[in-house]
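Coordinate analysis (summary)
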Amino acid sequence: MKIMKSLLCASVTLVALTSVPAHAADSDWPNAKPFRVVVPYPAGGSADILGRLVAKKLSENLGNNAVVENIAGGGTIPAALSVMKDKADGYTLFVASDNTLNINNFLLKEPRYDGDKDFTSVTVLNTYAHWLIVNKDSPFNSMQDLKKFMIDNPNKASISVNTIGGSAYLALDKWKKENKLDFEIIPYRGSPPAVSDLIGGVTTAHIDVAGSSMSYYEGGKVKPLAVLQSQPLKKIPSIKTQSYDDPKALTVKSNLSVVVKNGTPPQIIEKLYQAIKKGEHDKDFTDALNLFAYEPVLTPPAESRKFILEETQRYKKLVEASGLEKQ
């Protein structure tokens, strides 16, 4: 992947250039030490690519080196705890999803951090467009077709999601209850095995981030019944949408945010935001978002903070309604 290779090369270059005097003072911001951008997922994925773009924009627009650190696994908790160990000085940024910021606190017995209290937002970076896809040979061509089949054939359909307790799982569980439908929700460990089983006829349908299964659609192996949001997918605007205003519609809201440790001075947060925002229309940034069919958001810090706090309350209700026990 050309974008990934160029960003990895840029990251190596940034590390090689890093040389900071031990006596550097915080008052020298933004040049006292290199920026550290923590990504709680392995290298090569979409969140990692966007994290590397954040690091690149910080370096380009603030004139300081930025290093990406991938701390994967553990439900993103090791990455969150690593960020919390650093000073609240604006040099450590965390690329965090809804699971990290809003959901873990309600699904885990001992998350060892609080997304609302321990972090504050620099910006909501992008939204993840989700869609519901079926096998190319499926008899279903719309959400109405699938829903009618479920009503006429209780417990005969199955819909897979990429993880238990994630935004897609919680949205699907809500849709199931709101419409009094009887079907099985099957959680997988990630998109590839779930899409593989869908193509193989093991499951009826699958909810996925559109960018994760776009290649299967373009290769003619799956077909989308709907984009699970009010806005059409820019890359394929002809696909039907679902309305956020309809309580019985199947919609998924999911975001990727850039946050810092709570206590970071507001003026520094604003400078970080402006450095990222400045790169919004750069070709490398827009190419990466288009590759995964993501929508840029890049809301200002105060607006992002308010939104993330509201999302925490929304997810709290969804988790409670789902009946999932804390792990």
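Think of each chain on its own: its residues are numbered from 1, step by step along the sequence as written. Local features in this predicted model are restricted to residues whose pLDDT is 70 or higher, and side-chain atom pairs enter the listing and the counts only when it is 80 or higher, whereas totals over whole chains, interfaces and linings include all residues. Side-chain numbers come from the whole structure's heavy atoms, not from hydrogens or water.

Chain-level pLDDT for the chain is 92 on average; 92% of the residues reach the 70-or-more range. For every residue, the predictor reports its confidence as pLDDT, a number between 0 and 100. Contacts between residues were defined by any pair of non-hydrogen atoms, one from each residue, lying within 4.5 Å. Every residue in residues 11-25 is under pLDDT 50, and counting partners more than four places away or in other chains gives 15 contacts.

So, on to the pattern of salt bridges. One speaks of a salt bridge when a side-chain nitrogen belonging to Lys or Arg is within 4 Å of a carboxyl oxygen belonging to Asp or Glu. By the definition in use, this model includes 19 salt bridges. For K33, the salt bridge identified is with D89, shortest N-O distance 2.9 Å. Separated by 56 residues along the polypeptide, K33 in the loop between α1 (2-17) and β1 (35-39) and D89 in the loop between α3 (77-85) and β3 (92-97) bring together distant segments of the chain. Residue exposure (1.4 Å probe, protein chains only): buried if accessible area is under 20% of the type maximum, exposed if over 50%, otherwise partly exposed. A relative accessible area of 30% places K33 in the partly exposed class. Look at D89 and you get buried, because its relative accessible area is 8%. When the shortest N-O distance is used, the salt bridge between D284 and K57 registers 2.9 Å. Placement of D284 in helix α11 (residues 283-291) and of K57 in helix α2 (residues 46-62) is noted, with a sequence separation of 227 residues between them. Judged by relative accessible area, K57 falls into the buried class, the value being 2%. Salt bridges linked by common partners bring K56, K57, E60, D282 and D284 together as one network. Helix and strand assignments follow DSSP, with helices taken as H or I runs no shorter than four residues and strands as E runs no shorter than two, numbered in order from the N terminus.

Turning to the packing of α2 against α11, a few remarks are in order. Here, axes are lines fitted to C-alpha atoms. For helices the fit covers the stretch in contact, and angles between N-to-C directions go from 0 to 180 degrees. The interhelical angle for the contact between α2 and α11, taken along N-to-C directions, is 170 degrees, at an axis separation of 11 Å. On the basis of their axis angle, the class for α2 and α11 is roughly antiparallel. Two packed elements cross with a definite hand, and for α2 against α11 that hand is left-handed. On α11, the residues touching I49, L50, L53, K56 and K57 of α2 are D284, F285, A288 and L289. As a working rule, the residues Ala, Val, Leu, Ile, Met, Phe, Trp, Tyr, Cys and Pro are called nonpolar, Asp, Glu, Lys and Arg charged, and the rest polar, with Gly in that last group. Its residues assigned to classes, the contact of α2 with α11 comprises six nonpolar, no polar and three charged. Between 65 and 115 degrees an angle is taken as roughly perpendicular, under 35 as roughly parallel, over 145 as roughly antiparallel, and anywhere else as oblique. The crossing is said to be left-handed when, going from far helix to near helix, the turn is anticlockwise and less than a right angle, and right-handed when the turn is clockwise.

This paragraph deals with the environment of L298. With respect to the secondary-structure elements, L298 resides in the loop between β11 (295-296) and α12 (301-322). Measuring from C-alpha to C-alpha, the distance between L298 and V124 comes to 5.3 Å, with 174 residues separating the pair along the chain. Setting aside chain neighbours within four positions, we find L298 in contact with T123, V124, L125, Y273, I276, K277, E280 and F285.

The next point concerns the pairing of β3. Two faces, one strand: in a regular strand the side chains alternate between the faces of the sheet. Most of β3 is tucked away, with six of its six residues classed as buried. Residues T92, F94 and A96 line one face of β3 and the alternating positions L93, V95 and S97 line the opposite face, and both faces are buried. Sheet topology places β1 next to β3; three bridges connect them, and they run parallel. Residue pairing for β3: R36 is matched across the bridge by T92. In this description, strands pair whenever DSSP reports at least two bridges between them.

With that out of the way, let us pick up the sheet that holds strand β8 (residues 205-209). Strand order in the open sheet formed by five strands is β7-β6-β8-β5-β9, with mixed pairing between adjacent strands. Each end of this open sheet is capped by a strand with a single partner; those strands are β7 (184-187) and β9 (222-227). Ignoring which end each strand starts from, the neighbouring axes of this sheet average 30 degrees apart. With four bridges connecting them, strand β5 (residues 130-135) and β8 associate as antiparallel partners. Within β8, the residue paired with L132 across the bridge is I207. Taken strand by strand, helix α6 (residues 143-152) contacts β5, β6 (158-161), β8 and β9, and its axis lies near 95 degrees from that of β9. Against the sheet, helix α8 (residues 191-199) contacts β5, β6, β8 and β9, and its axis sits at roughly 150 degrees relative to β8.

Taken together, six strands build an open sheet; the order of strands is β2-β1-β3-β10-β4-β11 and the sheet is mixed. The strands lining the two open edges of the sheet, one partner per strand, are β2 (66-70) and β11. Relative to strand β10 (residues 255-261), strand β4 (residues 119-127) runs antiparallel, the two sharing seven bridges. When the bridges of β10 are listed, T127 appears paired with N255. Of the strands in this sheet, β3, β4 and β10 are in contact with helix α4 (residues 98-107), which crosses β3 at around 65 degrees.

As a further point, take the packing of aromatic side chains. To pair, rings of Phe, Tyr and Trp, with the six-membered ring standing in for Trp, must have centres within 6.5 Å; the planes then decide the type, stacked if under 30 degrees apart, edge-to-face if over 60, and tilted in the middle. For the coordinates displayed, the defined rule picks out 10 aromatic pairs. Through a chain of ring-to-ring contacts, the aromatic side chains of W29, F35 and Y91 assemble into a single cluster. Across from the ring centre of Y244, 4.7 Å away, lies the NZ or CZ of K253, which sits over that ring. Working rule: Lys NZ or Arg CZ, within 6 Å of ring centre, within 35 degrees of ring normal, means a charge sits over the ring. Here the basic side chain of R314 rests over the ring of Y315, its NZ or CZ set 4.6 Å away from the ring centre.

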